[in-house]
Structure formats: structure tokens, C-alpha cells
Amino acid sequence: MSPNSELQTQLDEASRDYEEFASRGLKLDITRGKPSPEQLDLAGDLLTAVTADDVITPSGVDARNYGGLEGLVELREIFAPLLKIPTDQLLAGGNASLTFMAQALTFATMHGTAADDRPWGEGPRKLLCPVPGYDRHFALTESLGFELLSIPMDEEGPVIAEAQRLAEDASVKGMWLVPMYSNPTGITISPKRAAKLAAMPAAASDFTLLWDNAYGVHHLRDEHVENIDILNLCAEAGNPERPWIFASTSKITLAGAGVSFFGGGPLSVDWMKTNLGKISIGPDKVNQLRHVRFFGDSAGVEAHMRKHAEIIAPKFDAVLDALESAFGDSDLARWTRPDGGYFITLTTMEGIADRVVKLAAEAGVKLTPAGATHPYGLDPANNVIRIAPTMPVLEEVELAAQGLVACLKLASYEKLLAG
Ligand code: PMP
């Protein structure tokens, strides 16, 4: 058989599989990294952890009243060792770490930072964005007037030579990073790469690592790497105020009603408190007290995360197994095999990610729009697809993975045959 007629046969077969899948009329969604209802149920006791006659914190604070801008000390003590941040350099806030990110960036734009009081908003401002990355990071900083500069990632994190070259421009104010189980690749930054980021020369005196540790305790496997002590690495490199660390319990307790954290160098934490004091009299301490009682201690958080892993690891495995059995011995696709977090990144042949997403939508499988993983929604190679397997039940994830395989085969053979 000529190579072309062999390809035509494969295309015909892929087409039949696709039509067969589409004819089932399914409605599946693996777009957003949301916890499933079953995961949210794990935090059921949170909702009754504070009652009307039991509102005083262990250190004697009435959780109902104003005040305590830094958040309950007991909650900060639970998360400090997990996040590798000293308790007095850790603030606990409201339900969204994205809000802490928006606040810190807005304060810097309006008033400058702890390391340099010249407002970022006075001149052009740019941010380094390792790609693929998190669409909400990009949307937030684009809306605040930053120009977004993509930089490539390898298996240890962002490529330093490129970051360093771009950081020679003083209008480059910082860099987005998701250090553990990144959104969307699942890649974890290596300790060596983190040390380089901590010490990297930069023209801006307040070049900042936006260290979004959203998945720092979200391990899928019993054996796992440790969080990196980025504060210490930066302090040792003579850049103590370089990292701003963000985290939350959105994917630990309740995605819409968790607590968030901000950590940084001693001056940055004071700076954040001063600025926060202008816009709030204090966070929701009732919810923070619920979390203190629910977890008890740091080991309580880790035990809770193991229950999440039991629910979501099989969903990750369902997608990985489907990809492996369909493409394991071909070079039509590559994908990441995360040990934690919420996402798998699938890399297709160049130029077909949007076609795969469209085919999937027409066959009843909703995927994150192609391009969402890149600044301005533009993936120049059009080959990255983010897969979020946590939300649907396992049977639906299995079906969605089957559908994805059918779409990817069809789009790949179409492309190969088109030459
Ligand atoms: N950062 C990353 C990397 C995320 O993936 C997410 C959720 N998808 C968030 C932040 C949002 O966190 P929060 O709910 O605390 O605002």
C-alpha cells in the first residue's frame, strides 16, 4: 500500500470512530479545574465547625468582629510549615488567592513595592509568562496594563537564559510562576531552577517572582517532592523581597468558600498589610476559624489531601491510560504525566489544537479553548490542549478521554494527509 493510501485508510477508520462517538449524543465537560461534588463533600464538616455559641478562637479572639488584618494566627500556623513560610511572614485572607494577586499587583502599580517605591504604573510594565500557563494570570495582568512576554518551559521550569535576557529591560517587573504541579502542565520547578530564579540578575530593582503555589499540597501519589523554600533561596541570593507567594484552600476545602494566603519577605508583608489596611478592616475570621477547627493541624491538611487523591488519581489515570493506549507507540501526540495538581497538558501536531477542540465540541466533549494557555489567547504553534479531569465522575472522564482520542486521531490524519 502506498503511504498515502495507508493514511487514507487510517483517516477513514478515525472518521468512523469519530462519527460513532458523536452519534452517542453525550454531553461531557473537561474544561475547568474544578473539584467534583464528591471532593467538596469531603469538607462537609467545615460548614458546621463554627456555631453561634462557639465563636472565640483558641487565642481568645472573637471571630465575628472587625480586625486582625493578618488573619488568624492559628490558621497561619497550620499552613506556614506546609508552604515553607514563617508564620509572621504569612497573611491569611478571603476566599480567593486571585484577589490577593490582583491586590498586590494593583498596589505595586499604584504605589510601588517594598523594594522600590516608584509605582509600576508610571511607565511601561511587562511580565514574563512561562507558557503554557494559567489563563487567569494572563487576563489579570493584561487588564492591569502589563505587556505579557511568553517564555518557554522545560521539564525543570522556565528557561533561565531567556528569562534573564528579557529581564535586562527594567520595565520587566516580574514573572508568573506556578511552582508545584503547574497549571496546565503539571510540571514542578526543580530546586536548582528555583535557586537560579532567586539569584537571576534583573534590571528592575524590584523584579518580583509571582510564586502562585496553588497546588503545593495537591499530591496525587504517596511519594512526592517537597515544596521549595523560595523565601530562603531569595534571601540567600540577596533578594529577600523578590517572591510574593500565593496559595489558597480553594482546592482543599471549598472552591468558592476557602481561605487564601499571601507570603513574602518581611518588608513585603508589612507593605501588603499597610496597603490592605486601606481597603479592609480585616478578613472573614469566621471562615478562618472554621478552617482551623476543621484541619486541627498541618497533618490534618495532609490527611485531607490524601482523600482528594483517592478520588482524583483514578481520573488522571483514565486520561493517561487512554492516551497511552492510543498514542503510546506513535509520535502523533505528547502529554504530561503529573504527580499532582489539576491538569494534564496534551501537545498535538502543530496547527491542529483548535481543530481537535472544535471536533470535540461537535461530538459533545467540551475542552478548554485552544490558545487559552498562552498570553492573549494565542498559541503560536496551535498545539497545546489543557485537560482538566477532576470535575466529572470517573465514567464520564473515561468517555471524554475516548472522545478526545477519536478527535485527535481524526485531526492528526487529516493533517498528515493534507501534507
Ligand atoms: N492559581 C492557579 C494556578 C490556579 O490554577 C487557580 C484555580 N484554577 C487559582 C490560582 C485560583 O485560586 P483561588 O481560588 O484561590 O483564587
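Sequence order sets the numbering: in each chain, residues are counted from 1 along the sequence as written. Given that this is a predicted model, residues contribute local features only at a pLDDT of at least 70 and side-chain atom pairs are listed and counted only at 80 or more, while totals for whole chains, interfaces and linings are drawn from all residues. Working from all heavy atoms in the structure, the side-chain values ignore hydrogens and water.

## Section: the overall build of the protein
Logical step 1: Runs of E in the DSSP output that reach at least two residues are strands. Runs of H or I that reach at least four are helices, and both are numbered from the N terminus. Per the secondary structure count, the protein includes 13 helices and 13 strands.
Logical step 2: Here the protein holds 419 residues, and the buried ones make up 55% of them.
Logical step 3: When checking whether two residues touch, look at their non-hydrogen atoms; a contact exists if any pair is within 4.5 Å. Relative to all contacts within the protein whose residues are 6 or more apart in sequence, the contacts with residues 24 or more apart total 76%.
Logical step 4: The Shrake-Rupley method, run with a 1.4 Å probe, gives the accessible areas here. Residue values count only the displayed protein chains as cover. Summing over all exposed atoms, the protein offers an accessible surface of approximately 17,600 Å²; the carbon and sulfur share of this is 52%.
Logical step 5: We count Lys and Arg on the positive side and Asp and Glu on the negative side, and we leave His and both chain ends out. Lysine's charge is taken at NZ, arginine's at CZ, aspartate's at CG and glutamate's at CD. Each charge class in the protein was averaged separately, 36 positive and 56 negative side chains, and the resulting centres sit 4 Å apart. Between buried and exposed lies partly exposed: a residue is buried under 20% and exposed over 50% of the maximum accessible area for its type, with that area taken using a 1.4 Å probe on protein chains only.

## What to know about the packing of aromatic side chains
Logical step 1: Centres within 6.5 Å make a pair out of two Phe, Tyr or Trp rings, where for Trp the six-membered ring is used; the pair is then stacked when the planes are under 30 degrees apart, edge-to-face when over 60, and tilted otherwise. One pass over the full model with this rule turns up 11 aromatic pairs.
Logical step 2: Aromatic side chains Trp244 and Trp271 sit 5.2 Å apart centroid to centroid with 20° between the ring planes, which places their arrangement in the stacked category. With Trp244 in strand β8 (residues 243–248) and Trp271 in helix α9 (residues 266–276), the pair connects residues that are 27 residues apart, well separated along the chain. This pair shows no difference in class: Trp244 is buried, exactly as Trp271 is.
Logical step 3: These aromatic residues form a ring-pair network of at least three members: Phe107, Trp120, Phe146, Trp244 and Trp271.
Logical step 4: Between the NZ or CZ atom of Lys251 and the centre of the ring of Tyr342, over which it lies, the distance is 4.7 Å. Consider the ring centre and the ring normal. A charge sits over the ring if Lys NZ or Arg CZ is within 6 Å of that centre and within 35 degrees of that normal.

## Quick notes on helix α3 (residues 73–83)
Logical step 1: Counting buried positions along α3 yields 8 of 11 residues, so the element is predominantly enclosed.
Logical step 2: The set of residues buried in α3 consists of Glu74, Leu75, Arg76, Ile78, Phe79, Ala80, Leu82 and Leu83.
Logical step 3: Among the structural elements, β2 (90–92), β8, β9 (260–264), α10 (285–295) and α11 (298–327) are those in contact with the buried residues of α3.
Logical step 4: Lys84 lies just past α3 and shows a positive phi near 60°.

## Describing the pairing of strand β4 (residues 147–154)
Logical step 1: Relative to β4, strand β3 (residues 126–131) is paired through 6 bridges, and the arrangement is parallel. Residue Leu127 lies in a different strand from β4, and its bridge partner there is Leu148.
Logical step 2: For two strands to be treated as a pair, DSSP must find at least two bridges joining them. As paired strands, β4 and strand β5 (residues 157–158) are joined by 2 bridges and run antiparallel to one another. Considered in β5, the bridge of Met153 is made with Pro158.
Logical step 3: Here β4 folds back onto β5, and the loop between the two strands holds 2 residues.

## Some words on the side chain of Ser260
Logical step 1: Structurally, Ser260 can be placed in strand β9.
Logical step 2: Accessibility expressed as a relative area gives 1% for Ser260, which makes it buried.
Logical step 3: Beyond its immediate stretch of four places on either side in the chain, Ser260 contacts Leu91, Ala92, Gly93, Gly94, Ala96, Ser97, Phe100, Ala247 and Ser248.

## Some remarks on the pattern of salt bridges
Logical step 1: When a carboxyl oxygen of Asp or Glu lies within 4 Å of a side-chain nitrogen of Lys or Arg, that pair is called a salt bridge. In this structure the tally under the stated criterion is 15 salt bridges.
Logical step 2: Across the pair Arg221 and Asp317 runs a salt bridge whose closest N-O atoms are separated by 3.7 Å. In this pair, Arg221 sits in the loop between β7 (208–212) and α8 (230–236) while Asp317 sits in helix α11, placing the two residues 96 residues apart along the sequence.
Logical step 3: Looking at Arg221, the relative accessible area reads 27%, which means it is partly exposed.

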